[in-house]
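Here are the chains, one letter per residue:
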Amino acid sequence: MLIIKCPYCGERDHSEFSYGGEAHIIRPKQPTELSDDQWAEYLFMRKNIKGIQYERWNHSHGCRRWFNMARDTSNDKIHSVYKIGEKPSN
Amino acid sequence: MLNFTSPITESHTYNNFSMKEKTPVAKINLRGDLGNKDFVSKVGKILGMILPKEVCSTSTKEQITCMWLGPNEWLLVSNDTIDKESNDYELEHLLFKDISKTNLGSVTNVSDHYTVFNLAGSNIFEILSKGSPFNFDSGTFGDNKVIQTILNHVDVTIHRKSKEDVDLYVRRSFSDYLWAWIKDSSRFT
Ligand SMILES: [Zn+2]
């Protein structure tokens, strides 16, 4: 069982959360000026790394707030959680 | 409460555990920014108390209980009951006029959204533990605390008034299902 520490509610079981994909992806300011390739790059292409990945999570069955998490994808170890808009500490 | 027909038609007792549906009362979902002094002071004035800021805490004054749902979200439960033909709550009018209309926050009447079960007995948390991932023994869930979690796949809000007195808020459409599940579970605790 994976325990996730929601930055608002504290430690809860992972079944209360939903995964929201890679974090810190910036939406292009002028989407109309992009080529289809560039737009597809923004929409679909993700790093999918082995190691520490920065992700968005939602405490969907609790406080329903979004937050970020640094998680090691190889062993599920959670290195930090931080609020939306904040920068990762490491 | 409009056209109120409850899916729950009985009360249930097994050994020293009992549960019943609470008479429908006014429930209002309130959202706003605690950093906004205008919002805080106007809500404080209307409710006659300060919104709980601490995680999962509640504050109670006379007719109203205010529960923390998130850093900018609260559930207000008033003991106001009204007749079955109406859906007018004075508290909602006051909040709507001063908070919603002035764009300080949002006020949503959720009175008909939730069914409330009152659970009583010494083994409440043993029963709930059977279907919930929440750790009821963690020590953080004391009296007058409120949490949102999952109970047998259903989203619930659990308000612990004391170890032997708990209110459980569940969406109306799920209440029949959850009632049957708790009833069944209580038989094997
Ligand atoms: Zn949370």
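Given the structure is predicted, the values throughout are model-derived calculations rather than measurements. (Residues numbered from 1 in each chain as written. Chains lettered and ligands numbered in written order. Predicted model: local features only at pLDDT ≥ 70, side-chain atom pairs only at ≥ 80, totals over all residues. Heavy atoms only, no water.)

> How do you make sense of the coordination of the zinc ion when you look at a structure like this?
Around a metal, the perfect tetrahedron of four donors has angles of 109.5 degrees, and the perfect octahedron of six donors has angles of 90 or 180 degrees. Residue and element names in this part refer to chain A. Ligation of the zinc ion by protein atoms is provided by Cys6 (SG), Cys9 (SG), His59 (ND1) and Cys63 (SG), these donors lying 2.0 to 2.4 Å from the ion. For the zinc ion, the four donor atoms are set out with angles of 99 to 116 degrees between them, so the coordination reads as tetrahedral. Coordination of the zinc ion draws on donor residues from a single chain, spaced C-x2-C-x49-H-x3-C in sequence. Here His59 matches Cys63 in class, with each residue buried. (Donors = N, O, S within 2.8 Å, 3.2 Å for Na, K, Ca; no water. Tetrahedral: all angles 85-135°; square planar, octahedral: opposite > 155°, others 65-115°. Buried < 20%, exposed > 50% of the residue type's maximum accessible area, 1.4 Å probe, protein only.)

> What am I meant to see in the sheet that holds strand 5 (residues 66-72) of chain A here?
Adjacent strands of a sheet pair through backbone hydrogen bonds, lying either parallel or antiparallel. Residue and element names in this part refer to chain A. Strand order across the open sheet formed by four strands is 3-4-5-6, with antiparallel pairing between neighbours. The open sheet is flanked by strand 3 (18-22) and strand 6 (78-83), the only strands paired with a single partner. Ignoring strand direction, the axes of neighbouring strands in this sheet form an average angle of 30 degrees. Strand direction decides the pairing type here: strand 3 and strand 4 (residues 52-58), joined by three bridges, are antiparallel. In the sheet register, Tyr19 faces strand 4, and the bridge partner there is Trp57. (Pairing = 2+ DSSP bridges. Helix = DSSP H or I, 4+ residues; strand = E, 2+ residues; numbered from the N terminus. Axes fitted to C-alpha atoms, helices over the stretch in contact; angles between N-to-C directions.)

> I keep staring at helix 2 (residues 90-100) of chain B and nothing clicks. Help me out?
In an α-helix there are 3.6 residues to a turn, and that puts residues three or four apart on one side. Residue and element names in this part refer to chain B. Within helix 2, burial applies to Leu91, Glu92, Leu95, Ile99 and Ser100. The arc that holds the buried residues of helix 2, viewed along the axis, is 100 degrees, so those residues lie on one side. Opposite the buried face of helix 2, by more than 90 degrees, sit the exposed residues Glu90 and Lys97. As for helix 2, its buried residues are in contact with strand 3 (27-32), helix 1 (37-47), strand 5 (64-70), strand 6 (73-78) and strand 7 (105-109). (Arc of directions from axis to C-beta. Contact = heavy atoms within 4.5 Å.)

> I tried to follow the interface of chain B and chain A on my own but got confused; where do I start?
When the parts come together, some accessible area is lost, and that loss is often what is quoted as the size of the interface. Taken together, the contact between chain B and chain A spans 16 residues of the former and 12 residues of the latter. In this assembly, chain B packs against chain A so that about 1,100 Å² is buried in total across both faces, 46% of it on carbon and sulfur atoms. On the chain B side of the contact with chain A, Pro71, Pro133 and Gln148 of chain B bury the most area, a combined 39% of that side's loss. Among the ionic pairs, Arg65 of chain A bridges to Glu73 of chain B, the shortest N-O distance being 2.6 Å. At the surface where chain B touches chain A, the tally comes to eight residue pairs in polar contact (both at pLDDT 80 or more). Within the residue set of the side of chain B that touches chain A, elements represented by two or more residues are strand 5 and strand 9 (145-151) of chain B. Looking at which element gives the most residues to the side of chain B that touches chain A, the answer is strand 9 of chain B, with four residues. Per-class residue counts for the side of chain B that touches chain A are nine nonpolar, four polar and three charged. (Buried area = accessible area lost by both parts, 1.4 Å probe. Salt bridge = Lys/Arg side-chain N within 4 Å of Asp/Glu carboxyl O. Polar contact = N/O pair within 3.5 Å; in protein donor to acceptor, adjacent residues only side chain to side chain. Nonpolar A, V, L, I, M, F, W, Y, C, P; charged D, E, K, R; others polar.)

> Which parts of the structure should I look at to understand the nonpolar core?
Grouped burial of nonpolar side chains is what soluble globular proteins tend to show. Residue and element names in this part refer to chain B. The biggest cluster of nonpolar side chains holds 51 residues, and the ones touching the most others in it are Phe117, Leu119, Leu128, Ile158, Leu168, Leu178 and Ile182. For Leu119, the residues in contact, after removing those within four places along its chain, are Phe17, Ser18, Met19, Ile124, Leu128, Glu164, Asp165, Val166 and Leu168. The next biggest cluster of nonpolar side chains, apart from the first, holds 10 residues, and it includes Met67, Leu75, Val116 and Val146. (Core = buried A, V, L, I, M, F, W, Y, C linked by side-chain atoms within 4.5 Å.)

> What is the right way to look at the environment of Val170 of chain B in this model?
All names here are of chain B. Looking at the secondary structure, you find Val170 in strand 11 (residues 165-171). Between the alpha carbons of Val170 and Gln148 there is a distance of 10 Å; along the sequence they are 22 residues apart. When sequence neighbours within four positions are dropped, the list of residues in contact with Val170 reads His113, Tyr114, Thr115, Phe117, Val154, Asp155, Val156, Ser175 and Leu178.

> Whenever I open this one, the pattern of salt bridges confuses me. Can you help?
Two side chains carrying opposite charge are able to pair once their charged atoms lie near each other. Residue and element names in this part refer to chain A. Under the definition given, this model contains 15 salt bridges over all chains. Residues Lys47 and Glu22 are paired through a salt bridge, measuring 3.6 Å at the closest nitrogen-oxygen approach. Placement of Lys47 in the loop between helix 1 (36-44) and strand 4 and of Glu22 in strand 3 is noted, with a sequence separation of 25 residues between them. Residue class for Lys47 comes out exposed when judged on its relative accessible area of 62%.

> Help me understand the packing of aromatic side chains in this model?
Any two aromatic rings considered together are summarised by their centre-to-centre distance and by the angle between their planes. If you walk through the whole model with that rule in mind, you get 11 aromatic pairs over all chains. Each ring, one from Trp39 of chain A and one from Tyr42 of chain A, has its centre 5.2 Å from the other, and the planes form 40 degrees; the classification is tilted. Here Trp39 of chain A pairs with Tyr42 of chain A, and both are found in helix 1, just three residues apart, close to one helical turn. Using a relative accessible area of 26% as the deciding quantity, one classes Trp39 of chain A as partly exposed. Plain terms: the ring middles of Phe125 of chain B and Phe141 of chain B are 5.9 Å apart, the flat faces sit at 85 degrees to each other, and that makes the pair edge-to-face. Linking Phe125 of chain B in helix 3 (residues 124-129) with Phe141 of chain B in the loop between helix 3 and strand 9, this pair joins segments that are 16 residues apart in sequence. Like Phe141 of chain B, Phe125 of chain B is buried. Ring pairs connect the aromatic residues Phe125, Phe134, Phe136 and Phe141 of chain B, which therefore count as one cluster. (Phe/Tyr/Trp six-rings, centres within 6.5 Å; stacked < 30°, edge-to-face > 60°.)

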